[in-house]
Amino acid sequence: MQGPTYAAIARSSASSVFLDADGGRHGQQSQSASPGADAPPAAPADTAPKPKPKLLKTLRCRLASPLAVLSASPDGSRGVVGGKDVLKVVAVFERELRETANLRSAGGTRLNYALTDAKWARSYAPSAVASAHLNGDIVLWDADRAASASAGKLLRVFKEHDQSVNRLSFHHADPLLLSACQDASIKLWDLRERGNSSATFEGRADKVRDVQFSPTAAFEFIAAFENGDVQKWDIRKPNEPERRWSAHFGLALTIDWHPDGNVFASAGRDKVIKFWDTKAEGRKPFQTIQTSSHVARIAWRPSSFSSSSAHQIASCSLAVDSKLSVWDLGRGYVAEWAVEEHDGPITDFLWQDSDVIWSVSKDHTFVRQDLEVAGYHPYELLPPCAGGWNQFGDYTFSLPQQHSHTPVLDNSEIRTSPPIVPLALQPIPHSGPLKQLIAVYETGGFNDVSFLQLAFQYDLGKNLSSKRKKGGSAAARLDLPRASQTWAFLQLLFGIEHKNHTSNRKPRDTTSTIRNPRNNHNNNNSNSNTRTTFPGVLSAVTPVVTTPTSTAAAAAANNWVFEDLAIPQLDREDLVLDILNFYGELGNAQMCASILMVLEGYLTRVDPGMKELWISSYVDLLYRFNAWSTATYVISRCGIPSIEARNQESTTLYTCCGFCLKPIPNAPQPGWICERCLRVTSICAICHKPVKGQFSWCHGCQHGGHLRCMVDWWFGKGGGSEGGKECASGCGHVCTL
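As the structure is a prediction and not an experimental result, all values here were calculated from the model. (Residues numbered from 1 in each chain as written. Predicted model: local features only at pLDDT ≥ 70, side-chain atom pairs only at ≥ 80, totals over all residues. Heavy atoms only, no water.)

So, about the overall build of the chain. When helices and strands are counted, the chain shows 14 helices and 37 strands. When burial is assessed residue by residue, the chain has 46% of its 737 residues classed as buried. Sequence-distant contacts in the chain: of pairs separated by 6 or more residues, those separated by 24 or more amount to 53%. (Helix = DSSP H or I, 4+ residues; strand = E, 2+ residues; numbered from the N terminus. Buried < 20%, exposed > 50% of the residue type's maximum accessible area, 1.4 Å probe, protein only. Contact = heavy atoms within 4.5 Å.)

Turning our attention to the confidence of the model for the chain. Per-residue confidence for the chain gives a mean pLDDT of 75, with 70% of residues at or over 70. Low pLDDT, under 50, characterises residues 1-50; the predicted model gives this stretch 132 contacts beyond four residues in sequence or across chains. Low pLDDT (under 50) marks residues 403-428, which in the prediction has 42 contacts with non-local residues, meaning those over four places away or in another chain. (pLDDT = per-residue confidence, 0-100.)

Attention now moves to the packing of helix H6 (residues 481-493) against helix H10 (residues 589-598). Where H6 meets H10, the axes come as close as 13 Å, and the angle between the chain directions of the two elements is 20 degrees. Taken together, the axes of H6 and H10 are roughly parallel relative to one another. Considering how the two elements wind past one another, H6 and H10 form a crossing that is right-handed. Of H10, the residues touching H6 (which contributes Ala483, Thr486, Trp487 and Leu490) are Met591, Ser594, Ile595 and Val598. (Axes fitted to C-alpha atoms, helices over the stretch in contact; angles between N-to-C directions. Parallel < 35°, antiparallel > 145°, perpendicular 65-115°, else oblique. Left-handed = near helix turned anticlockwise from the far one by under 90°.)

Once that is clear, we can look at the pairing of strand S23 (residues 312-317). Here S23 lies mainly inside the structure; six of its six residues are buried. Burial of S23 is two-sided: the residues Gln312, Ala314 and Cys316 facing one way and the residues Ile313, Ser315 and Ser317 facing the other way are all buried. Here five bridges tie strand S22 (residues 295-300) to S23, and the two strands are oriented antiparallel to one another. Each residue of the ladder has a partner; that of Val295, found in S23, is Ser317. Linking S23 back to strand S24 (residues 324-328) in an antiparallel pair, the connection comprises six residues. (Pairing = 2+ DSSP bridges.)

All right, on to the sheet that holds strand S14 (residues 208-213) then. Across the sheet, four strands lie side by side as S14-S15-S16-S17; this open sheet has antiparallel pairing. At either margin of the open sheet sits one strand with a lone partner, and together these are S14 and strand S17 (243-246). Averaged over all neighbouring strand pairs, the angle between strand axes comes to 15 degrees, with direction disregarded. Summarising the sheet, S14 and strand S15 (residues 220-225) pair through five bridges and their orientation is antiparallel. Directly across from Phe213, in S15, lies its bridge partner Phe221.

Core analysis: the largest hydrophobic core is formed by 42 residues, its most contacted members being Val576, Leu580, Ile595 and Ile615. For this core, the elements supplying multiple residues, two or more each, are helix H4 (448-457), helix H5 (464-477), H6, helix H9 (572-586), H10, helix H11 (608-624) and helix H12 (628-637). With eight residues, the single largest contributor to this core is H10. Each residue touching Val576, except ones within four places of it in the same chain, is listed here: Leu490, Leu493, Phe494, Ile595, Leu599 and Leu603. Residues Leu59, Val86, Val90 and Val360 belong to the second largest nonpolar core, which totals 17 residues. (Core = buried A, V, L, I, M, F, W, Y, C linked by side-chain atoms within 4.5 Å.)

With that settled, consider the packing of aromatic side chains. For the structure shown, the criterion picks out 19 aromatic pairs. Relative to Tyr395, the ring of Trp389 has its centre 4.9 Å away and its plane inclined at 55 degrees; by these criteria the two rings are tilted. Note that Arg236 overlies the ring of Phe219, its terminal NZ or CZ placed 4.0 Å from the centroid. Cation over ring: Arg331 sits above Tyr379, and NZ or CZ is 4.3 Å from the ring centre. (Phe/Tyr/Trp six-rings, centres within 6.5 Å; stacked < 30°, edge-to-face > 60°. Lys NZ or Arg CZ within 6 Å of the ring centre and 35° of its normal.)

Scanning all chains against the criterion turns up 25 salt bridges. In this structure, Lys159 engages Asp137 in a salt bridge whose closest nitrogen and oxygen atoms are separated by 2.5 Å. Of this pair, Lys159 sits in the loop between strand S9 (154-158) and strand S10 (165-170) while Asp137 sits in the loop between strand S7 (128-133) and strand S8 (138-142), placing them 22 residues apart in sequence. Under the relative-accessibility criterion, Lys159 is labelled exposed at 58%. Note on Asp137: relative accessible area 4%, which makes it buried. Among the salt bridges present, the one from Arg244 reaches Glu240, with a minimum N-O distance of 3.7 Å. Salt bridges sharing common partners tie together Asp117, Lys119, Arg167 and Asp210. (Salt bridge = Lys/Arg side-chain N within 4 Å of Asp/Glu carboxyl O.)

By secondary structure assignment, the location of Lys692 is in the loop between strand S35 (663-664) and strand S36 (695-697). For Lys692, a relative accessible area of 55% translates into the label exposed. In this structure, the C-alpha to C-alpha distance between Lys692 and Ser682, residues ten residues apart in sequence, is 8.0 Å.

The next point concerns unusual backbone geometry. The phi angle of most residues is negative, glycine excepted, and most peptide bonds adopt the trans form. In this structure, Ala184 is a non-glycine residue whose phi angle is positive, near 70 degrees. Structurally, Ala184 is set in the loop between strand S11 (176-181) and strand S12 (185-190). Not every positive phi belongs to a glycine, and His364 is a case in point at roughly 75 degrees.

To continue, consider the pairing of strand S4 (residues 87-92). Of all six residues making up S4, six are buried, and the element is well covered by its neighbours. Neither face of S4 is left uncovered, since the one carrying Leu87, Val89 and Ala91 and the one carrying Lys88, Val90 and Val92 both have all their residues buried. In terms of strand pairing, strand S3 (residues 78-83) meets S4 through five bridges, oriented antiparallel. Paired with Val80 across the bridge in S4 is Val89.

A few words on the environment of Phe625. Examined against the element boundaries, Phe625 turns out to sit in the loop between H11 and H12. When sequence neighbours within four positions are dropped, the list of residues in contact with Phe625 reads Gln391, Phe392, Phe446, Asp448, Phe451 and Leu452.

What follows concerns the environment of Tyr583. Following the sequence through the fold, Tyr583 ends up in helix H9. By relative accessible area, Tyr583 is classed as buried at 3%. In sequence terms Tyr583 and Ala483 are 100 residues apart; their C-alpha atoms lie 9.8 Å from each other. Excluding its chain neighbours within four sequence positions, the residues that come into contact with Tyr583 are Arg482, Ala483, Thr486, Asn588, Met591 and Cys592.

Right, let's talk about the sheet that holds strand S27 (residues 356-361) for a bit. Overall, antiparallel pairing links the four strands, which are arranged S1-S28-S27-S26 in an open sheet. Edge positions in the open sheet fall to strand S1 (59-62) and strand S26 (346-351), since each of these has one partner strand only. This sheet shows a mean twist of 15 degrees between the axes of neighbouring strands, independent of strand direction.

Written out as C-alpha cells, the structure reads:
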C-alpha cells in the first residue's frame, strides 16, 4: 500500500518518528519503543499532539582517530561509529556515551584495511552491522556477540567488488543489502543466501557515490553518481533504470528519500541541494537550496508535533565548515537552525528523533546534541531590512511589516511579490518570527532593449574610423541623442578625413585661415583651398591664428573685417576623461567600456582601477542578459589580465561514449576508445576514420566528423543540389550550419 503523500504529511499536525531505509540516516525510535518494532504507527489527524520531550544536554565521546561513518541500531540505544582505524559500538544513555565493543579487535579477523561506510541492519536483524572497505570487501558483524566475547563476531565477508565500496543501504523490511562501488556498479545482496550477489545494476554513468532503498516501495532505490546523475531503479529490472535525472554539475555526493517515498533530495559538489518529485513528468527540481560550501551529507528531519519539521532537511559541509545546518523549504536562503559542536568538518550524522542529532567528525568526536539546547537560529543574526538591484534597474527591498508603511513614490509602481509555492509541496507551512513586506520599486531608468541592441551593433574592431562612425550611427538609429553626439564629438576630436578638390594635394596646414563669406559660393575655383581645417589624429592646435601677407592683401582688397582669434590648446585625453567620468556617474558602464575599447592606445592616463571596474561591470551586465558572444569578445579585447582570465576559467567540456554512455575523462592525453565497451568514440561520417582533433557535429542528428571533411561537405561539391545541407551520414536529417 502506498504511504501518505508529501502534501498530506505537510498538513498533518502530528506524525510519528520515521525510520529510514538505510539503518539510521533519518531518526530512530525512542528508547521506550520495543526493539523489534519497525516504526510506530502514524497518529491520526485528530489525535492530540504528543508533548514535547524534555531537553537533552550535549554529550561527547572522543575516540582514537578521525571518524567518518555513523549508524544507529533499530531501537536507537546504540550506534556504530567508524573511521580509518576505528569500528566501535557506542551505547547512548541519557547522561553518558559508553563504548561497548570494538569490532576490529576480533581474534583471527585480520581485516587491516580502511573503512568507507557502516550501516546497522533493521529490525529483522537487530544485531547485524555491515561495514564496507577500500579493497571492495563487505563484512557482516554481530554486535551482540562482539559485546560479550572477543571472538566469533564476524559473520560473513562478501568479496565481489574489485574497487572501493562507497555506500551501503539496508532494506526497510526484507534482509536485503545494496552496495555502491567505485567500479560504477551496484550489487544487491540477500542475507538469507550464502552464495553470490543476487543482482548487479550498471548505471552506465560513473562511479556510484550513494545508494538508498525507498522507505515505502519494496522494490525501488535511487543512486547518485560522480558525473552528477541520479537514477531510480527497480530491483526486478536490473538492465535499465526507470528514470534518470541530470541532477548536478560535478559530483553528486549524497541522496535522501523523504518519508512519503515520492520525493527525494540530492546534493553534491555544486553547493546546491535539489528536491525532486518522482511522480512528476518533468526532470527539473521543484525546489533548490543554495549552500555556502560543498555538501557531504543530507538527511530529512523526522516529523514531530510541529508540522513544519516535515519540510526541513539537514546538511553538513564536505571539508570547509564544521557547522550542521537545518534548512526549511519555506525559507531556502538562510538556515532555520545551525549547530556548531565540532572543531572539524562533520563527516556523517543522523536524526535520533525530531530534535536530537548524532554526528561524527574528523576531530575524533561523536556528539549527541539537541537543537533546542545546542542550536541557534541564523536568521536572528541577520538585519530585518535588505535590498538589491536587478539588471533592469529595478530595486527590490524588504521591510519588517510591523514597522513598515507603503511609501509614496512618484511616477513609479510598487508591486508586492507573491509567495513562491513549490509544485510538489502545497502548501509549505512556515511560521517565522518576523513578517516582512517584500516589494519592487520600478525606476524605469534603464532601457534594456537599447542596451542589447547597442551591445550587438557596436563595432569594437581594429578600424578606428569605422568604430566611431558605427557607434554614432547605432545610437542615432535608437534615438539616443546624447550617445550619438558623444560619438560625433569623439570623431571630430580625433580627426576627420577631408576631401581635397584640387588635383595637386598639399600637406595639411595646421593654421586656421578665414575666407571671405561672399566668395563662399561664387568663387569656388579660387578659394577651394582656403577653408578652416581641423587637426588630425597626431596634430596639435595652434593657440593663435596667423594670416599670411598675401591673404592680408586680399582681405584689404575685398574689405574683410576680422581680428586674430585665440584658439585654446585642447587636451584630447582630458576631454575624454571628463566624458568617461560623466557616464560613470550616470552608471552607464556600456558607454564607458565602449569608449575605452574604441580609443585603445590613445588614452594613457585612465585610472586602471576605474577601467577594470567599468569593463567588468559591462561584462557582468552582458552575462545577465545572456549576451555570451559579446561578453566573450569584450573579455578577449579589453587588455586587462584579470578580466581576460575569465575566458580560461570554468570552461570544461564533458563528453561521453555514444554507444555505452560512459563519461570520458578530460585527461591530458585524450582517449578515442571507450574504456568500457572498447569502441572508437568519434567516427567521421564522411571518411569513416577516428576523429583525433577538432570535431564538428550537427546538434539535430548528432552526426559529424573532421572539421575539414565537414567544411568540404558543406561548401564543396559533395553536398549535391542542396548545397551539402543533408546529413553526410545518410540519415536523412537536414542539418543546419
